[in-house]
Amino acid sequence: MLPMLKYELVQKNNWVTEDELLDYYAVGQCTPGIIAVNVATFVGFKRKGIPGAIFSTLGMISPSLIIVSILAMFLNQFLSNEWVAHAVGGIKLIVCALMLNTVVTMAKKSIKNAIGWIVCALAFLLAFFTPIPTVLIVVLAGAFGIIMYKAGKLKV
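Here we summarise the structure given alongside this text. Only a predicted model underlies this, so the values are computations on that prediction, with no experimental measurement involved.

## Some remarks on the overall build of the chain
1) Next: Scanning the chain for helices and strands turns up seven helices and zero strands.
2) Next: Along the chain direction, N to C, the helices and strands of the chain fall in the order α-α-α-α-α-α-α.
3) Next: Scaling as 2.2 N^0.38, a compact globule of 156 residues should have a C-alpha radius of gyration of about 15 Å, whereas the chain reaches 19 Å, well beyond that.
4) Next: Taking the principal axes of the C-alpha coordinates as reference, the chain spans close to 60 × 40 × 25 Å.
5) Next: The buried share of the chain, taken over its 156 residues, is 18%.
6) Next: Nonlocal contacts in the chain, meaning residues at least 24 apart in sequence, comprise 39% of its contacts between residues at least 6 apart.
7) Next: Summed over its atoms, the accessible surface of the chain is roughly 11700 Å², and 74% of this surface lies on carbon and sulfur atoms.
8) Next: When the 12 basic and 6 acidic side-chain charges of the chain are each reduced to a single mean position, those positions are 8 Å apart.

In structure tokens, the structure reads:
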């Protein structure tokens, strides 16, 4: 979703800047719900206030609800089909590639010094190899960033 959001919101329609999209994405991770829906809600609110937030949210979730409802009616028939199983495997690979591209793009824009790279690597290791909740890792990284900023070691 993020590459599509970037294309639609930043490049094609110029509704937000790339920095705003990164901010919305970061906040969207910390709020309940799907990140893409949260980002759409933030952009809708920025552009048209509360009505914009409502309609952009509905615009993001309605197609998925309709498609999933239709697919659910035929789920058993689809799952037994060998072609569908192979297609799902291919889709998983593409999703992984898109996510990796997004992470690399965001890292290039967001991580600006050695401290940032160290925090990023440490957060990844903690998230991947320990049972520590990801939310706690994000909060700790944010607190560390605030402390380093107040100490004069980081610049925004």
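## Observations regarding helix α3 (residues 35-73)
Helical geometry: 3.6 residues make up each α-helical turn, so side chains three or four residues apart lie on a common side.
1) Next: An ideal rise of 1.5 Å per residue puts 57 Å on 39 residues; α3 reaches only 27 Å between its terminal C-alpha atoms.
2) Next: At K48, α3 is deflected by roughly 145°, the largest bend along its length, and proline P51 occurs up to four residues later in sequence.
3) Next: Turning to α3, its buried residues number three or more, namely A36, V37, N38, V39, A40, V43, G44, G52, A53 and T57.
4) Next: If you follow the buried residues of α3, they end up packed against α1 (2-12) and α2 (18-30).

## A look at the pattern of salt bridges
1) Next: On inspection of all chains with the given rule, the structure shows four salt bridges.
2) Next: Put simply, K6 and E18 hold a salt bridge, and the shortest N to O gap is 3.5 Å. On the criterion of sequence distance, the pair formed by K6 in helix α1 and E18 in helix α2 is long-range, its members being 12 residues apart.
3) Next: For K6, a relative accessible area of 23% puts it in the partly exposed group.
4) Next: Here the residues in one salt-bridge network are K6, E18 and K109, joined through shared partners.

## As for the environment of M73
1) Next: Within the secondary structure, M73 is located in helix α3.
2) Next: Between the C-alpha atom of M73 and that of L98, which follows or precedes it by 25 residues, the distance is 29 Å.

## Some words on helix α7 (residues 134-150)
1) Next: With 17 residues, α7 extends 24 Å between its outermost C-alpha atoms, agreeing within 8% with the 24 Å of an ideal straight helix rising 1.5 Å per residue.
2) Next: Phi for G152, located one or two positions after α7, is positive at around 85°.

The rules behind the values
- Each residue is numbered by its place in its chain's sequence as written, counting from 1.
- Only residues with pLDDT of at least 70 are given local features in this predicted model, and only at 80 or more are side-chain atom pairs given and counted; all residues enter the totals for whole chains, interfaces and linings.
- To obtain the side-chain values, all non-hydrogen atoms of the structure were included, while hydrogens and water were left out.
- By definition, any uninterrupted DSSP run of H or I lasting at least four residues is a helix, any uninterrupted run of E lasting at least two residues is a strand, and each is numbered from the N terminus.
- To get the radius of gyration, use the C-alpha atoms; to get the globule rule, take the number of residues to the power 0.38 and multiply by 2.2 Å.
- Think of it in three bands: residues with accessible area under 20% of the maximum for their type are buried, residues over 50% are exposed, and the middle band is partly exposed, with areas taken using a 1.4 Å probe on protein chains only.
- Here, two residues are considered to be in contact whenever any of their heavy atoms come within 4.5 Å of each other.
- Every accessible area reported is derived by Shrake-Rupley at a probe size of 1.4 Å, with residue values counting cover from the shown protein chains alone.
- Counting rule applied: Lys, Arg positive; Asp, Glu negative; His and chain ends not counted.
- Where a charge lies is defined by one atom per residue type, namely NZ (Lys), CZ (Arg), CG (Asp) and CD (Glu).
- In this scheme, a helix's expected span is set at 1.5 Å multiplied by one less than its residue total.
- A residue's bend is given by the angle between axes fitted to the 7 residues ending at it and the 7 residues starting at it.
- The salt bridge definition used is simple: a Lys or Arg side-chain nitrogen within 4 Å of an Asp or Glu carboxyl oxygen.

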